[in-house]
Amino acid sequence: MQKLTGKQARHLRALGHHLNAIIMVGKEELDENLLRSVEENLEAHELIKIKIQKGCLLDRHEVAEELARRAGACVAQVLGNTILLYRASEKKRIELPAPSKGAAKKG
């Protein structure tokens with residue numbers, strides 16, 4: 001999955017603001033059931049919120065990057081103990097803003 005531009009990340013954060021966390025990462029951390037749940041929810045919703053509970057011993061940024069890598073998703077935000085992940089599905093529910101010309105040159 002390609003990296004999000006600043007404009008795209010802001011758009012996703014605005015869409016995700018009202019979402020409730022549907023996945024909780026706890027003491028089991030990143031097991032297969034959690035990863036399967038992330039995959040299924042990304043396919044169904046494209047944008048999901050994940051909450052890291054106090055029992056999780058991993059760093060929140062490490063959790064976000066690992067989940068994104070294994071699910072082929074992008075991290076739109078890590079705020080406190082909440083992660084916002086995005087992955088486009090075949091149904092294309094969310095339309096991302098086009099990258100600006102300046103962003104393409106920086107890439």
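Keep in mind that what you see is a predicted model, and the values were worked out from it rather than measured.

### Focus on the sheet that holds strand β3 (residues 74–79)
- Read from one edge of the open sheet, four strands run β1-β2-β4-β3, paired in mixed fashion. The two strands at the open ends of the sheet, each matched to only one other strand, are β1 (23–25) and β3. For this sheet, the mean inter-axis angle between neighbouring strands, taken without regard to orientation, is 25°.
- Pairing of β3 with strand β4 (residues 82–86) involves five bridges; the strand directions are antiparallel. Each bridged residue has a counterpart across the sheet, and for Val-78 the counterpart in β4 is Ile-83.
- Contacting β1, β2 (47–52), β3 and β4, helix α3 (residues 60–71) crosses the sheet at an angle of about 160° to β3.

### Considering the nonpolar core
- In terms of nonpolar packing, the biggest core is built from 19 residues, with Val-25, Val-38, Ile-50, Val-63, Leu-67 and Leu-85 touching the most fellow members.
- Secondary-structure elements contributing two or more residues to this core are β1, α2 (32–45), β2, α3 and β4.
- Among the elements that take part in this core, α3 stands out by supplying five residues, more than any other.
- Not counting residues up to four positions away in its chain, the partners in contact with Val-38 are Ile-23, Ile-48, Ile-50, Leu-67, Ala-71 and Leu-85.

### Observations concerning the pattern of salt bridges
- Enumeration according to the criterion identifies five salt bridges in this entry.
- In this structure, Glu-66 and Arg-70 form a salt bridge, with 3.7 Å as the shortest nitrogen-oxygen distance. Within this pair, Glu-66 and its partner Arg-70 are both found in helix α3, separated by four residues, close to a single helical turn.
- Given the relative accessible area of 25%, Glu-66 is considered partly exposed.
- Connected through salt bridges with shared partners, the residues Glu-32, Glu-66, Arg-69 and Arg-70 form a single ionic network.

### So, the confidence of the model for the chain
- Per-residue confidence for the chain averages 89 on the pLDDT scale, and 92% of its residues sit at or above 70.
- The least confident element of the chain, judged by mean pLDDT, is helix α4 (residues 101–106) at 54; the most confident is β4 at 97.

### Quick look at α3
- In this model α3 runs 16 Å from its N-terminal to its C-terminal C-alpha over twelve residues, within 8% of the 16 Å that 1.5 Å per residue would give.
- Val-63, Ala-64, Leu-67, Ala-68 and Ala-71 are the residues of α3 that are buried. Down the axis, α3 shows its buried residues gathered within 125° of arc, on one side only. More than 90 degrees from the buried face of α3, the exposed residues found are Glu-65 and Arg-69.
- Buried residues along α3 sit in contact with β1, α2, β2, β3 and β4.
- Regarding α3, its N-cap is Asp-59, as a side-chain oxygen of that residue lies 3.0 Å from the backbone nitrogen of His-61 further along.
- Phi turns positive one or two residues past the end of α3, at Gly-72, with a value near 65°.

About the cut-offs
For every chain, the first residue of the written sequence is number 1, and numbering continues from 1 along that sequence. Since the coordinates come from a predicted model, pLDDT governs what is reported: local features require at least 70, and pairs of side-chain atoms require 80 or more to be given and counted, while whole-chain, interface and lining totals use all residues. The basis for the side-chain values is all heavy atoms of the structure; hydrogens and waters are excluded. Following DSSP output, two strands are said to pair if at least two bridges run between them. Helix and strand labels come from DSSP, where a helix needs a run of H or I of at least four residues and a strand needs a run of E of at least two; each type is numbered from the N terminus. The axes are straight lines fitted to the C-alpha atoms, using for helices just the contacting stretch, and the angles between their N-to-C directions are given from 0 to 180°. Throughout, a contact is declared for two residues whenever any of their heavy atoms are within 4.5 Å. Buried residues of nine kinds, namely Ala, Val, Leu, Ile, Met, Phe, Trp, Tyr and Cys, make up a nonpolar core once their side-chain atoms join them within 4.5 Å. Burial here depends on accessible area, computed with a 1.4 Å probe over protein chains only, as a share of the maximum for the residue type. Under 20% is buried, over 50% is exposed, and the range in between is partly exposed. Only one rule defines a salt bridge in this text: a Lys or Arg side-chain nitrogen within 4 Å of an Asp or Glu carboxyl oxygen. Confidence of the predictor at the level of single residues is given by pLDDT, which spans 0 to 100. Each residue after the first adds 1.5 Å to the expected span of a helix. As used here, the arc belongs to the directions running from the helix axis to the C-beta atoms. For the purposes of these results, a polar contact is taken to be a pair of N or O atoms within 3.5 Å, where, inside protein, one atom must be able to donate a hydrogen and its partner to accept one; residues adjacent in sequence count only when each atom of the pair is a side-chain atom.

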